[in-house]
Amino acid sequence: LLQVVERARAAKELKVRSEAVSWLEAFNTSMNMIDVFPSGSHVHEQVQRFFDNEGNAALYGTDVGTLGSGHTGRIDYVRIRLRINALQTAGTVALEPYYKKWSTFLGQVNEAAPRGDRA
């Protein structure tokens, strides 16, 4: 997943805002991850420890769902939210070019992804 985020940031046409950090980027930085999420036998404990920080829980708490309360237990889902450089008040017509670029990008990502790991 982190590689997908990095590819999106590198693709200038996707207009990803550099100052808006996804939960996965923050997780990898704060946990000093060497492996790419989700790997390793202690990932559940690392996720729980990451969300024990109130700031992380407030910013990213809904981006990871676990089967236990308080981000404990097996990870059920993850989502990655990235912000793009577009007006928040822009209408659908103005946002359609971004949608098409993101759709193409995610199509390419999904083509290369194993069957259970698609966006």
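Residues numbered from 1 in each chain as written. Predicted model: local features only at pLDDT ≥ 70, side-chain atom pairs only at ≥ 80, totals over all residues. Heavy atoms only, no water.

**Student:** A description of helix H2 (residues 23-30) should follow, citing residues and the corresponding values.
**Tutor:** Here H2 lies mainly inside the structure; six of its eight residues are buried. Regarding H2, the residues found buried are Trp23, Leu24, Glu25, Ala26, Phe27 and Asn28. One or two positions beyond H2, positive phi appears at Asn32, with a value near 50°. (Buried < 20%, exposed > 50% of the residue type's maximum accessible area, 1.4 Å probe, protein only. Helix = DSSP H or I, 4+ residues; strand = E, 2+ residues; numbered from the N terminus.)

**Student:** Hey, could you go over the side chain of His71 for me, with residue numbers and the actual values?
**Tutor:** Tracing the sequence through the fold places His71 in the loop between strand S1 (64-66) and strand S2 (75-78). Judged by relative accessible area, which is 16%, His71 ranks as buried. A polar atom in the side chain of His71 sits 2.9 Å from the backbone oxygen of Gly61. Separated by 3.2 Å, the side chain of His71 and the backbone oxygen of Val64 make a polar contact. Setting aside chain neighbours within four positions, we find His71 in contact with Gln48, Phe51, Gly61, Val64 and Thr66. (Polar contact = N/O pair within 3.5 Å; in protein donor to acceptor, adjacent residues only side chain to side chain. Contact = heavy atoms within 4.5 Å.)

**Student:** Residue-level account of the environment of Asp52, with values.
**Tutor:** Tracing the chain through its elements places Asp52 in helix H3 (residues 43-52). Here Asp52 falls in the exposed class, since its relative accessible area comes to 52%. Here the alpha-carbon distance between Asp52 and His71, two residues 19 residues apart in the chain, equals 8.4 Å.

**Student:** Could you give me a rundown of the nonpolar core, with the residues and numbers involved?
**Tutor:** With 13 residues, the main nonpolar core has Trp23, Phe27, Val47, Phe50, Phe51, Tyr60 and Val64 as its most contacted residues. If you list the elements that add at least two residues to this core, you get H2 and H3. Counting residues in each nonpolar core, the second largest holds seven residues, with Ala11, Val16, Phe105 and Val109 among its members. (Core = buried A, V, L, I, M, F, W, Y, C linked by side-chain atoms within 4.5 Å.)

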